[in-house]
Amino acid sequence: MSDHTVIQPGHYKGYPTTMTRASLDAMTRQARKDQDGFWLEQAERVHWHKKPTRGFEGSFEGDVSIKWFEDGLLNVSVCCLDRYLTDKADQVALIAHREGHGPAEKLTYAMLHERVCRLANALTHLGVEKGQRVAINLPMVSEAVVAMLACARIGAVHVVLFGGFSADGIAERLVDSGSVAVITASVAYRGAKIIPFKEMMDTALYKAGADSAVHSVLVVRTSDDAVPMLPGRDHDYHDFVDSFEVDFVPVIMKAEDPLFMLYTSGSTGKPKAIVHACGGYIVWASYTMDMVYAQRPGDVLWCTADVAWITGHSSVVYGPLANGGTTMISDSLPAYPHPGRWWDLVDEYKVTMLFSSPTAVRAMMADGDDVVNRHDLSSLRLLGIAGEPISPDAWLWYHDVVGKKRCPVADTWWQTETGGIVLGPIPGVQSLKPGSASRPLPGIEMAITDTRGRVVQGVAEGSLCIARSWPGQARTIWGDHARFCQTYFTKVPGLYFTGDGARRDADGYYWITGRMDDVINIAGHRLGTAEVEDVLGEDHRILESAAVGVPHPVKGEGLVVFIMPRKDSATELTEEGVARLITQRLGRYAAPEAVYLVPDLPRTRSGKIVRRLLRKIASGETENLGDLSALTDPSVVGAVCNRVWGAM
Ligand code: ATP
Ligand code: MG
């Protein structure tokens with residue numbers, strides 16, 4: 001990765017920001033000097049029923065305990081709705097676009113408040129109580145946002161499950177979370193595909209059997225076709241909910257009461273249900289989104305992430321609404337019904353801030369510049385990404401072709417466990433380096449540790465850790481606090497271990513090198529998977545690539561590379577050519593043991609490449625591939641196995 005390209009903030013003349021370099025530095029200094037004072041001040045961003053006077057309490061040692069603002073009382077739905085009813089009641093809070101369903105639905109703060117209250121009443125009527133879990137399994141429809149906020153209003157803990165998990169995947173999560181009610185849809189549309197949500201839920205509930213505590217299922221009718229309904233358990237969402245009152249007195253919650261739990265993407269193993277607490281999370285969601293995506297009147301923020309991911313929670317729902325902004329959702333795909341579909345929507349809804357994933361950027365890049373250039377994208381002022389490392393090449397394409405070199409690109413690094421953005425630039429204030437997730441936000445004490453777990457200062461490479469707690473930090477793994485302590489706090493005692501590797505350059509910018517599990521040690525040389533993939537990203541015949549390490553009798557580990565060629569380049573790209581490119585660019589030590597051209601790569605539902613599976617396939621451990629429930633298309637695994645091991 002090159003540190004050479006630096007885009008100075010002055011490049012984006014007139015970029016609207018109220019921050020300056022000096023004010024940012026002052027925040028960083030204050031947070032360092034007086035952590036509690038800093039965060040109690042930031043806590044003023046949200047509405048409290050009783051303001052907190054206590055900052056952080058807890059410890060990363062032993063039986064890890066994390067508490068923030070413990071004496072504060074609040075209701076998160078009030079922070080996101082009621083507080084704006086006086087001055088923004090008629091401002092659009094949510095734009096909900098559905099492919100093939102005409103113009104998007106636009107809900108003002110007043111309308112969203114009404115809908116949330118109706119559902120809060122309906123759930124209460126069904127017997128859902130504070131502290132109980134409610135599973136939300138919906139496509140990107142307005143009811144998904146309403147459902148999350150309604151749970152928050154009654155103090156129920158929402159568990160948003162990704163649409164299209166297999167019935168087994170859903171059943172496992174319903175049982176693990178102990179959900180008592182489910183909010184789902186009849187079907188969802190993904191491009192030309194129809195996904196039978198209700199049918200899948202019925203199978204999941206059947207499989208879960210007596211292990212499930214679900215007594216009620218609300219079904220949003222998303223198509224005209226009838227779906228089977230079980231009398232007594234299932235209710236048509238609107239027939240049932242719309243007759244309830246439009247007011248509901250919010251349940252007052254303690255800051256440390258759980259707001260939601262969310263299963264991680266499952267890139268590295270069995271998904272974990274991460275628990276977030278009301279007070280710390282909402283302060284953090286508001287703070288982080290305001291630092292990077294400062295919303296101004298008239299802004300439309302479209303974060304394309306599904307609500308089932310942490311990005312969907314913090315950047316689609318809680319962050320933008322806590323900050324009184326306008327958020328947009330859509331169930332559309334970038335290239336359906338035609339390439340450039342997302343650019344149509346940016347223009348139609350005058351999106352000012354677009355936040356997406358590297359996977360989507362790479363896919364749109366493959367469709368060619370002409371597709372982008374045919375659209376008017378002048379409404380855009382900020383482009384964002386998160387979720388995976390992005391190569392400088394793809395970053396520059398997003399910046400130059402989509403943003404016309406006018407819009408800063410904010411690459412933000414975060415995790416389900418961090419609740420919100422940890423590394424990311426302050427647009428218009430800090431310099432940008434393509435391929436780097438920039439620097440920690442004020443209040444975050446990042447650390448890099450070496451192989452012996454010692455913190456290294458200055459220019460360094462190693463494990464990415466966080467030295468002090470932050471309000472949006474996960475509190476536990478649901479039902480398994482021991483796994484929480486073990487996963488995040490034992491590798492480097494006293495620090496939060498992210499599981500990712502990173503390099504810090506001389507300017508304090510961080511470059512994510514991949515998951516620590518994925519760092520390859522070839523005869524003593526440490527090679528990040530992202531480093532290999534960056535080099536390959538520069539070859540325009542390659543659409544995507546994934547590098548993994550396999551055991552090697554002599555070198556300890558060897559490099560194996562999987563390549564997804566662009567459709568039109570499949571014939572000219574050879575496995576030898578790819579190997580040569582890597583050796584030329586990274587050195588002889590990096591010479592791959594094998595290169596495989598494959599039609600697709602296994603991905604999680606959030607679009608991330610699952611290297612753990614590729615590693616197993618490459619090293620012949622195909623008998624025990626582990627949990628496949630988080631994969632978008634498990635058949636890809638078979639195709640990759642065939643390429644590596646021949647027809648099995
Ligand atoms: P699991 O924890 O179940 O294996 P996951 O880690 O993919 O799944 P998430 O919490 O959704 O689940 O993703 C967080 C991870 O995504 C980070 O740990 C990091 O590896 C990757 N990531 C997120 N943002 C970035 C970014 N900007 N650059 C590089 N990697 C990123
Ligand atoms: Mg993770």
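Residues numbered from 1 in each chain as written. Chains lettered and ligands numbered in written order. Predicted model: local features only at pLDDT ≥ 70, side-chain atom pairs only at ≥ 80, totals over all residues. Heavy atoms only, no water.

- An unreviewed UniProt entry annotates the protein chain as Acetate--CoA ligase originating from Acetobacter garciniae.
- Listed under Sequence similarities (unreviewed entry) in UniProt, the entry text for the protein chain is "Belongs to the ATP-dependent AMP-binding enzyme family." (UniProt positions renumbered as here; feature names shortened; annotations may be inferred.)

## A look at the environment of Trp511
Phase 1 of the analysis: Inspection of the secondary structure puts Trp511 in strand E26 (residues 510–515).
Phase 2 of the analysis: Given the relative accessible area of 0%, Trp511 is considered buried.
Phase 3 of the analysis: Taking the C-alpha atoms as reference, Trp511 lies 9.7 Å from Glu531; in sequence the two are 20 residues apart.
Phase 4 of the analysis: At 3.1 Å, the side chain of Trp511 and the side chain of Asp505 are in polar contact. (Helix = DSSP H or I, 4+ residues; strand = E, 2+ residues; numbered from the N terminus. Buried < 20%, exposed > 50% of the residue type's maximum accessible area, 1.4 Å probe, protein only. Polar contact = N/O pair within 3.5 Å; in protein donor to acceptor, adjacent residues only side chain to side chain.)

## Focus on unusual backbone geometry
Backbone geometry follows two general trends: most residues other than glycine have a negative phi, and most peptide bonds adopt the trans configuration.
Phase 1 of the analysis: Residue Pro337 follows Tyr336 across a cis peptide bond; omega there is 0°.
Phase 2 of the analysis: In this model, Lys404 sits at a positive phi of 50°, which is unusual for a non-glycine residue.
Phase 3 of the analysis: A relative accessible area of 39% means that Lys404 is categorised as partly exposed.

## Concerning helix H4 (residues 109–125)
Phase 1 of the analysis: With 17 residues, H4 extends 24 Å between its outermost C-alpha atoms, agreeing within 8% with the 24 Å of an ideal straight helix rising 1.5 Å per residue.
Phase 2 of the analysis: Within H4 the residues assigned to the buried category are Tyr109, Leu112, His113, Val116, Cys117, Leu119, Ala120, Asn121, Ala122 and Leu123.
Phase 3 of the analysis: In the stretch just after H4, Gly127 is the one whose phi turns positive, near 95°. (Expected span 1.5 Å × (residues − 1).)

## Observations regarding the sheet that holds strand E8 (residues 181–185)
Phase 1 of the analysis: In space, the eight strands of this open sheet follow the order E12-E11-E8-E6-E7-E14-E15-E24, with mixed pairing throughout. Taken across any chain shown, the strands that pair with only one partner, and hence form the sheet edges, are strand E12 (234–236) and strand E24 (476–477).
Phase 2 of the analysis: The strands touched by helix H5 (residues 142–154) are strand E6 (133–137), strand E7 (157–160), E8, strand E11 (216–220) and strand E14 (258–263); relative to E6, the strand with the most contacts, the crossing angle is about 175°.
Phase 3 of the analysis: Sitting on the sheet, helix H7 (residues 197–208) is in contact with E6, E8, E11 and E12, with an inclination near 150° to E8. (Pairing = 2+ DSSP bridges. Contact = heavy atoms within 4.5 Å. Axes fitted to C-alpha atoms, helices over the stretch in contact; angles between N-to-C directions.)

## Here's the deal with the side chain of Thr352
Phase 1 of the analysis: Here Thr352 is to be found in the loop between helix H11 (341–348) and strand E18 (353–356).
Phase 2 of the analysis: The class for Thr352 is buried, based on a relative accessible area of 11%.
Phase 3 of the analysis: The contacts of Thr352, once residues within four sequence positions are left out, are Gly298, Asp299, Val300, Ser379, Leu380, Arg381 and Leu382.

## Brief notes about the state of the cysteines
Phase 1 of the analysis: According to the stated counting rule, one finds zero disulfides in the structure shown.
Phase 2 of the analysis: Here Cys151 is not cross-linked by a disulfide; its sulfur's nearest cysteine counterpart is in Cys278, at 12 Å.
Phase 3 of the analysis: A disulfide-free cysteine, Cys278 has its sulfur positioned 9.0 Å from the sulfur of Cys79, the nearest such atom.
Phase 4 of the analysis: By relative accessible area, Cys278 is classed as buried at 2%. (Disulfide = S-S within 2.5 Å.)

## Describing the packing of H5 against helix H10 (residues 310–322)
Phase 1 of the analysis: The interhelical angle for the contact between H5 and H10, taken along N-to-C directions, is 60°, at an axis separation of 11 Å. Here H5 is positioned oblique relative to H10, judged by the angle of their axes. Where H5 crosses over H10, the two elements pack in a sense that is right-handed. When H5 is examined against H10, the residues Val145, Met148, Leu149 and Ala152 are found in contact with a partner set consisting of His313, Val317, Tyr318 and Leu321. (Parallel < 35°, antiparallel > 145°, perpendicular 65-115°, else oblique. Left-handed = near helix turned anticlockwise from the far one by under 90°.)

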